[in-house]
Structures are given as structure tokens and as C-alpha cells.
Amino acid sequence: MIKFAIYGKGGIGKSTLSSNLSAAFAANGLRVMQIGCDPKADSTTLLRPKEEVTSVLDLVRSKKNFTIEDMVKESRSGVLCVEAGGPVPGLGCAGRGIINALEQLEAKGAYEKYKPDVVIYDVLGDVVCGGFTMPMRKGYADKVYIVTSGEKMAIYAAANIAMAVENFKSRDYAKLGGIILNCRGVENEEKRAAELAADFGTDVIATIPRDSIFEKAESEGGTVVELYPDSEVTKKLLKAADYIFNSFKE
């Protein structure tokens, strides 16, 4: 089982890329679990557009006894979808939702039951403390991939996340797997991403072009990989999934 986390600035496209990578792994015959670690609980919307996944925190609040099947819902392409959720607005700690969700998955034996080949944690990346570092901890993700564009604030957030990964090395947390450039069409975008990667001794492992096909797929209720399997964007996403999978063999 390979386990990795996707981090990056809010609004940079983490959930879209996570869902498309999940669909890419599934298209290659792998059993995939995507865990949304964001209070908005919208990580898996593209995978299950007609039926939302009830978040773990909502289950904790509404049910004394709930099952693995209540937490884990399968998408049409076979991806196992989980949402951590968050507290009632204005009350509680959002990071606690991530901790609670991952603890509940373990306690109820979700990994043993479903036996995923790939686990993807889609994490809110503007905050790199408390519960938001939970997926980096030993036993969860083994690598962190950071999504960025060439925009100043995206690069800034990505650098902060990379520094957090570096700082946690001594605790045997996840390692930095690389940078994913989600293009926004800004000047010198690829150069800025390459400089960021070089600063932290890693690589830009995928460059995803700015393309209206993402919006088109979203409006049709799905991922690019599922709805446009022959597109150039899908080929890049499949290549990125292959790179990530093969990197765990090294």
C-alpha cells in the first residue's frame, strides 16, 4: 500500500488534482482510497457528484454507533471516498476533525477491510500545524506532494509547507515527494516552480496545463480522467500517477 498526501494553498486545485489522480490510479486497476482532510468536506465531490459523502465528524455528532460503510463510500469508478469534515462553524478545532477521522478509520479497521493499494490524503495546506500535520505523521502518508502554480502566494504557501516537511524529518514524518505545477498561465511559471523545487532538493514531478477541460468535466459531474480518457490532460495525469506509484518502489 502506498500512502501520500497532497498539500498546497487553498484554491490551488488540490481536490481536483487528487480526484483526477484517484481516477487515474483506478483506471490502472488499483484500489484507491481518497481521504478529504478539509472542514469543507468537498474533496470527493467530483468522484461522487450525485451523492455527497457524510463526513466523519458529522457521523460522530449524529450517531453513537456508525459503521465503516457509513464512513466510506465508493465512487462510480471504484474510488473509496472519505471526508473528515470539520466542527460546527465558529466552534471547535478544524484540525481535530482530521485527527478524529484518521483515528476512526483505524479503529474501525477500514484499511484492513478495503485493502487499498493507494491512499491519498487531500489536505488543506494553508495551515501546517496541529491536526493538519496529522497525515504527515508516521503510519499515515509516507510522502507529501505539494501543488502550486507560479503565483506569488501559491509559491509562498508551498515553501512554508516544504519547510514544515523538512522540520518534521527528525520525527520520522513523511518525506517530500515533489512539486506538482498546476499552471495558471502566469509569467515564468515553470521557472518559479523549478526554483522552488531546487530550493528544497526535490523535483517538479508533473506539470498540469491550464485547460478549460477541467471546468467542462466539472460541469458534467466528473473528473477529466473519467470523462475524457483520450485527452492530452488525461495522459499527463496518468503519467503523474505512474511517476508517483513507481517512486515508492525506489
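Up top you'll find the structure we're talking about.
Trainee: Help me understand the overall build of the protein chain in this model?
Mentor: Counting its secondary structure elements, the protein chain contains ten helices and eight strands. On C-alpha atoms alone, the protein chain measures out to a radius of gyration of 17 Å, which is about the 18 Å that the 2.2 N^0.38 rule sets for 250 residues. Taken along the three principal axes of its C-alpha coordinates, the protein chain extends 55 × 40 × 40 Å. Taking as baseline every contact in the protein chain between residues at least 6 positions apart, the subset at least 24 positions apart corresponds to 77%. Carbon and sulfur atoms make up 48% of the accessible area of the protein chain, which amounts to about 11,500 Å² in all. Averaging the coordinates of the 32 positive side-chain charges in the protein chain and doing the same for the 34 negative ones gives two points 4 Å apart.

Trainee: Please clarify how the environment of D199 should be interpreted in this entry.
Mentor: Its place among the elements puts D199 in helix α7 (residues 189-199). A sequence separation of 40 residues divides D199 from A159, and the C-alpha atoms of the two residues are 8.8 Å apart.

Trainee: What is the right way to look at the layout of surface pockets in this model?
Mentor: A water-sized probe rolled over the atoms picks out the places where empty space is left. The computed volume of the largest pocket comes to approximately 620 Å³. Residue lining of the largest pocket: 32 residues in total, with G11, I12, G13, T16 and E218 positioned closest to the centre. Only α1 (14-27), β5 (118-123) and α8 (213-219) provide two or more residues apiece to the lining of the largest pocket. With six residues, the top contributor of residues to the lining of the largest pocket is α1. Looking at the lining of the largest pocket, its residues break down into ten nonpolar, twelve polar and ten charged. The computed volume of the second largest pocket comes to approximately 290 Å³. Lining of the second largest pocket is provided by 15 residues; of these, D142, D172, Y173, A174 and K175 occupy positions nearest its centre.

Here is what the cut-offs are and how they apply
- Residues numbered from 1 in each chain as written.
- Predicted model: local features only at pLDDT ≥ 70, side-chain atom pairs only at ≥ 80, totals over all residues.
- Heavy atoms only, no water.
- Helix = DSSP H or I, 4+ residues; strand = E, 2+ residues; numbered from the N terminus.
- Rg over C-alpha atoms; globule rule 2.2 N^0.38 Å.
- Contact = heavy atoms within 4.5 Å.
- Areas by Shrake-Rupley, 256 points an atom, 1.4 Å probe, with all protein chains shown as cover.
- Lys, Arg positive; Asp, Glu negative; His and termini not counted.
- Charge placed at Lys NZ, Arg CZ, Asp CG, Glu CD.
- 1 Å grid on protein atoms, 1.4 Å probe; cavity = no way out; pocket = protein on both sides within 12 Å on 5 of 7 lines; lining within 4 Å.
- Points joined across faces, edges and corners; volume = space filled by probe spheres on them.
- Nonpolar A, V, L, I, M, F, W, Y, C, P; charged D, E, K, R; others polar.

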